[in-house]
Amino acid sequence: MKYRIILASGSPRRKELLTQIGVTFEIKTSEKEEIITSSNPKDVVKELSAMKAKDVAEGIEGPAVILGADTVVAYDGKILGKPKDREDAVRMISSFAGDEHNVYTGVCILIKEADGSVREISFAEGTKVFVYGMTEQEISDYVDSGEPMDKAGAYAIQGKFAPYIKEIAGDYYNIVGFPVAGIYQRLKEAGINICE
């Protein structure tokens, strides 16, 4: 059976990664307000990704695969969202420079069948990121590039922050915001090849 693939996200990075692996898809974004009931980063991203996927799925007739995702950066057990302003970005980067932090992406996959039934696959991928020590000037220059302002944790691993990444343990694409291998493999187990 042929499924419509729907990305429940307006993220240019997620769009890019799905395109990169050869998926033909549509984009429909959720307008639902994000309400968090947990402080555990893994639970938060699973909750938010499910919220987005379910909101988008309401207006979709099957057969379709709806992909919802949410990414957070966590340092010392605290979630670092997108920076509010320049000072917030400087504070975030200064906190984990010379240290390690975690990036979690929650994914909710809703598989709508022609008969109206829905299967749900939900998981959270975690990747550990080690950052080199940075001078105040390096942090300031990076923040002034404007790149961190719409990114969780105030940096883009695939952008100008690359020179400060010492190493990672886990899925690189998870840090970018979409663990495509984890998504592909789980859908494959469910009998769906999204790369056709």
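Since the structure is predicted, the reported quantities are computational estimates derived from the model, not experimental observations. (Residues numbered from 1 in each chain as written. Predicted model: local features only at pLDDT ≥ 70, side-chain atom pairs only at ≥ 80, totals over all residues. Heavy atoms only, no water.)

Participant: Just to check I follow, could you spell out the overall build of the chain for this structure?
Facilitator: Secondary structure assignment for the chain yields six helices and seven strands. Its helices and strands taken in sequence order, the chain reads β-α-β-α-β-β-α-β-β-α-β-α-α from the N to the C terminus. In summary, the chain has a C-alpha radius of gyration of 17 Å against a globular reference of 16 Å for 196 residues, a match within 12%. Seen along its three principal axes, the alpha-carbon backbone of the chain occupies a region of about 60 × 30 × 25 Å. By the burial criterion, 47% of the 196 residues in the chain qualify as buried. Of all intrachain contacts in the chain linking residues separated by at least 6 positions in sequence, the fraction that spans at least 24 positions is 68%. Here the chain displays about 9,600 Å² of accessible surface, and carbon together with sulfur accounts for 47% of that area. (Helix = DSSP H or I, 4+ residues; strand = E, 2+ residues; numbered from the N terminus. Rg over C-alpha atoms; globule rule 2.2 N^0.38 Å. Buried < 20%, exposed > 50% of the residue type's maximum accessible area, 1.4 Å probe, protein only. Contact = heavy atoms within 4.5 Å. Areas by Shrake-Rupley, 256 points an atom, 1.4 Å probe, with all protein chains shown as cover.)

Participant: I tried to follow the pattern of salt bridges on my own but got confused; where do I start?
Facilitator: Opposite charge on two side chains lets them pair, provided their charged atoms get close. The full count for this structure, using the stated rule, is 11 salt bridges. We note a salt bridge from aspartate 88 to arginine 91, for which the minimum N-O separation is 2.6 Å. Of this pair, aspartate 88 and arginine 91 are both found in helix 3 (residues 86-96), three residues apart, which corresponds to roughly one turn of the helix. Residue aspartate 88 is classed as buried on the basis of its relative accessible area, which comes to 9%. One connected set of salt bridges, linked through shared partners, spans Arg4, Glu26 and Lys28. (Salt bridge = Lys/Arg side-chain N within 4 Å of Asp/Glu carboxyl O.)

Participant: Explain the environment of lysine 166 to me, please; I cannot follow it from the model alone.
Facilitator: Along the chain, the position of lysine 166 falls in strand 7 (residues 165-169). Beyond its immediate chain neighbours, meaning those up to four positions away, lysine 166 contacts Phe130, Val131 and Tyr132.

Participant: What am I meant to see in the packing of helix 3 against helix 4 (residues 136-144) here?
Facilitator: Packed helices, taken two at a time, are described by their axes: the angle between them and the distance between them. The contact between helix 3 and helix 4 brings their axes to 10 Å, and the two run at 135°. Our classification of the angle between helix 3 and helix 4 gives oblique. As for how helix 3 packs across helix 4, the hand of that crossing is right-handed. Judged by residue contacts, Arg86, Ala89, Val90, Ile93 and Ser94 of helix 3 engage Ile139, Ser140, Tyr142, Val143 and Asp144 from helix 4. In the contact of helix 3 with helix 4, the residues fall into six nonpolar, two polar and two charged. (Axes fitted to C-alpha atoms, helices over the stretch in contact; angles between N-to-C directions. Parallel < 35°, antiparallel > 145°, perpendicular 65-115°, else oblique. Left-handed = near helix turned anticlockwise from the far one by under 90°. Nonpolar A, V, L, I, M, F, W, Y, C, P; charged D, E, K, R; others polar.)

Participant: Would you mind going over helix 1 (residues 12-20) with me for this structure?
Facilitator: Quick reminder: α-helices carry 3.6 residues per turn. Residues three or four places apart thus point the same way. Residues of helix 1 that are buried include every one of Arg13, Arg14, Leu17 and Leu18, and no others. Looking straight down helix 1, one finds its buried side chains confined to an arc of 130°; they lie on one side. On its buried side, helix 1 packs onto strand 1 (4-7), strand 3 (64-75), helix 5 (172-176) and helix 6 (180-189). The N-cap of helix 1, judged by a side-chain oxygen 3.2 Å from the amide nitrogen of arginine 13 a few residues on, is serine 11. A positive backbone phi angle near 90° is found at glycine 22, which sits one or two residues after helix 1. (Arc of directions from axis to C-beta. Polar contact = N/O pair within 3.5 Å; in protein donor to acceptor, adjacent residues only side chain to side chain.)

Participant: Which parts of the structure should I look at to understand the packing of aromatic side chains?
Facilitator: The geometry of an aromatic ring pair is captured by two quantities: the separation of the ring centres and the angle between the planes. One pass over the structure, following the stated rule, counts six aromatic pairs. Residues phenylalanine 96 and tyrosine 155 carry aromatic rings whose centres are separated by 5.6 Å and whose planes lie at 65° to one another, so their mutual orientation is edge-to-face. Placement of the pair is phenylalanine 96 in helix 3 and tyrosine 155 in the loop between helix 4 and strand 7, with a sequence separation of 59 residues. Pair check on accessibility: phenylalanine 96 and tyrosine 155 agree, each one buried. Between tyrosine 172 and tyrosine 173 the ring centres are 5.2 Å apart and the planes differ by 75°, which places this aromatic pair in the edge-to-face class. Its relative accessible area of 30% is what places tyrosine 173 among the partly exposed residues. Directly above the ring of phenylalanine 123 sits arginine 186, whose terminal nitrogen or CZ lies 3.6 Å from the centroid. (Phe/Tyr/Trp six-rings, centres within 6.5 Å; stacked < 30°, edge-to-face > 60°. Lys NZ or Arg CZ within 6 Å of the ring centre and 35° of its normal.)

Participant: Would you explain the nonpolar core in this entry?
Facilitator: Nonpolar side chains in soluble globular proteins tend to end up buried together. In this structure, Leu67, Ile109, Tyr155 and Phe161 are the most contacted members of the largest nonpolar core, which totals 46 residues. In terms of residue count, strand 3 provides more of this core than any other element does, five residues in total. Ignoring any residue separated from it by four or fewer positions in sequence, one finds isoleucine 109 in contact with Val65, Ile66, Leu67, Arg119, Glu120, Ile121, Phe123, Ile183 and Leu187. Residues Ile6, Ile66, Cys108 and Leu110 belong to the second largest nonpolar core, which totals 11 residues. (Core = buried A, V, L, I, M, F, W, Y, C linked by side-chain atoms within 4.5 Å.)

Remember, this is a structural readout, not a statement about activity or role.
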